[in-house]
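Secondary and tertiary structure notes
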Amino acid sequence: MIVRDHLPLRRVWPSVSKRLGLLFAFDLTVAVLYVKGGLTELALSSLPIGMMGAALSIFLAFRNNSAYDRWWEARMLWGSLVNDSRTFSRQALTLVDGDPDDEEATELVKWQIAYVHALRCHLRGQNPFPELAARLPAALVTWLRGHQNVPHALLLHAGRRLRRLYELGRLDSYRFVQLDSTLSRLCDVQGACERIKNTPLPRQYDYFPRMLVSAYCLLLPFGLVEGMGLLTPLASTLVSFIFLVLESIGRDIEAPFENTVHDTPMSALSRTIEINLRQVMGDRRAPREVGPIDGFVY
């Protein structure tokens, strides 16, 4: 996630530089042929091109809004995960009968820390076991290796532990339901994140904006050359840059779980959850927060 006040041009330029360079060469060719070559038939009316630009702007705005909705929903879901993780740790340490510092209660909190890291790796397509090996018993890690969806397996494991506590009489039915409801909310958050991850924007939203922007940028110099002459490449390239950037913004933010600078900052949020949960257990070895790197939080 970008947190800096300004975005350096080097972050934007690579995605549009090749297309923009080709368009500048094309615009220059049109201007030279019109002014020096006397091909006045190259000039087109600016009215239809202006109308096309207005319609294309609305299309790009709609597409970018759809992409932003996905990005914002992902951030909201991880905000819910932060809250539900804190709730689960509080419930585990206060609702389970017995010493709040005993192994059964703190094991549930440690499980929740591992679950958050496993979900982050699951959404990014990364191997979660280096993270889990440092936080869970070796036998549990071995059991998890047999599951394709590791976060879901951890939910199952936590549910079994809660049932065991209920059978031992350390949870009454009311408190058991409260803890299980929190697990259900965690499952809902995971399912919603997987929906965003596995369901991209319709391909029409990617193909047609790219095609229409390219067509508009190619037509633009023909509508400007009559009034601007040899200055056409400058004006046309500037307008083309605006449309190319608008078109690239939607593609940058439509997939918020791909471990890029445009993503939901899952690494920072996972670390925040771990710090909070370790502190409520009284663990003084909590790691440091993940801070911005060159203005970007991952």
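What you are looking at is a predicted structure, and each value in this text was computed from that prediction instead of being measured.

Quick look at the overall build of the protein
- For the protein, the helix and strand inventory stands at 10 helices and 0 strands.
- Taken against the 2.2 N^0.38 rule, which gives 19 Å for 298 residues, the C-alpha radius of gyration of the protein at 27 Å runs more than 25% over that of a compact globule.
- If you line up the protein on its principal axes, its C-alpha atoms span 95 × 30 × 30 Å.
- Looking at the protein as a whole, 43% of its 298 residues qualify as buried.
- Long-range pairs, those at least 24 residues apart, make up 76% of the contacts in the protein with a sequence separation of at least 6.
- Carbon and sulfur atoms form 59% of the exposed surface of the protein, whose accessible area is close to 15400 Å².
- Looking at the protein, you have 33 positive and 30 negative side-chain charges, and the mean spots of the two groups are 4 Å apart.

Considering unusual backbone geometry
- The phi angle at Asn259 is positive, at roughly 60°, despite the residue not being glycine.
- For Asn259, the position within the fold is in the loop between helix 9 (232-253) and helix 10 (266-280).
- What makes Asn259 partly exposed here is its relative accessible area of 34%.

Side note on the nonpolar core
- Formed by 47 residues in total, the largest nonpolar core has its most connected members in Trp78, Leu81, Trp111, Tyr115, Leu132 and Leu144.
- Broken down by element, this core gets its largest block of residues, 11 residues, from helix 3 (residues 103-124).
- Excluding anything up to four places from it in sequence, Trp111 contacts Phe88, Leu136, Leu154, Leu155, His157, Ala158, Leu183 and Leu186.
- Listed in part, the 12 residues of the second largest apolar core include Leu20, Leu56, Val213 and Leu220.

Topic: the confidence of the model for the protein
- Per-residue pLDDT for the protein averages 85, and the proportion of residues at 70 or more is 91%.
- By mean pLDDT, the top-scoring element of the protein is helix 7 (residues 173-198) (94), and the lowest-scoring one is helix 1 (residues 9-35) (78).

Thoughts on the layout of surface pockets
- Taken as a whole, the second largest pocket spans an internal volume of roughly 200 Å³.
- Considering the residues around the second largest pocket, the lining is formed by Thr106, Glu107, Lys110, Ile113, Ala134, Arg135, Leu136, Pro137, Arg278, Met281, Asp283 and Arg285.
- The element that contributes the greatest number of residues to the lining of the second largest pocket is helix 3, accounting for 4 residues.
- Per-class residue counts for the lining of the second largest pocket are 5 nonpolar, 1 polar and 6 charged.

Description of the packing of helix 2 (residues 46-95) against helix 9
- The N-to-C vectors of helix 2 and helix 9 enclose an angle of 20°; their axes lie 8 Å apart at closest approach. Relative to helix 9, helix 2 is oriented roughly parallel. Considering the relative orientation of helix 2 and helix 9, their crossing is left-handed. Every residue of helix 9 that contacts helix 2 at Gly53, Leu56, Ser57, Leu60, Arg63, Asn64, Ala67, Tyr68 and Trp71 is listed here: Phe243, Leu246, Glu247, Ile249, Gly250, Arg251 and Ile253.

Cut-off values and rules
- Residues numbered from 1 in each chain as written.
- Predicted model: local features only at pLDDT ≥ 70, side-chain atom pairs only at ≥ 80, totals over all residues.
- Heavy atoms only, no water.
- Helix = DSSP H or I, 4+ residues; strand = E, 2+ residues; numbered from the N terminus.
- Rg over C-alpha atoms; globule rule 2.2 N^0.38 Å.
- Buried < 20%, exposed > 50% of the residue type's maximum accessible area, 1.4 Å probe, protein only.
- Contact = heavy atoms within 4.5 Å.
- Areas by Shrake-Rupley, 256 points an atom, 1.4 Å probe, with all protein chains shown as cover.
- Lys, Arg positive; Asp, Glu negative; His and termini not counted.
- Charge placed at Lys NZ, Arg CZ, Asp CG, Glu CD.
- Core = buried A, V, L, I, M, F, W, Y, C linked by side-chain atoms within 4.5 Å.
- pLDDT = per-residue confidence, 0-100.
- 1 Å grid on protein atoms, 1.4 Å probe; cavity = no way out; pocket = protein on both sides within 12 Å on 5 of 7 lines; lining within 4 Å.
- Points joined across faces, edges and corners; volume = space filled by probe spheres on them.
- Nonpolar A, V, L, I, M, F, W, Y, C, P; charged D, E, K, R; others polar.
- Axes fitted to C-alpha atoms, helices over the stretch in contact; angles between N-to-C directions.
- Parallel < 35°, antiparallel > 145°, perpendicular 65-115°, else oblique.
- Left-handed = near helix turned anticlockwise from the far one by under 90°.

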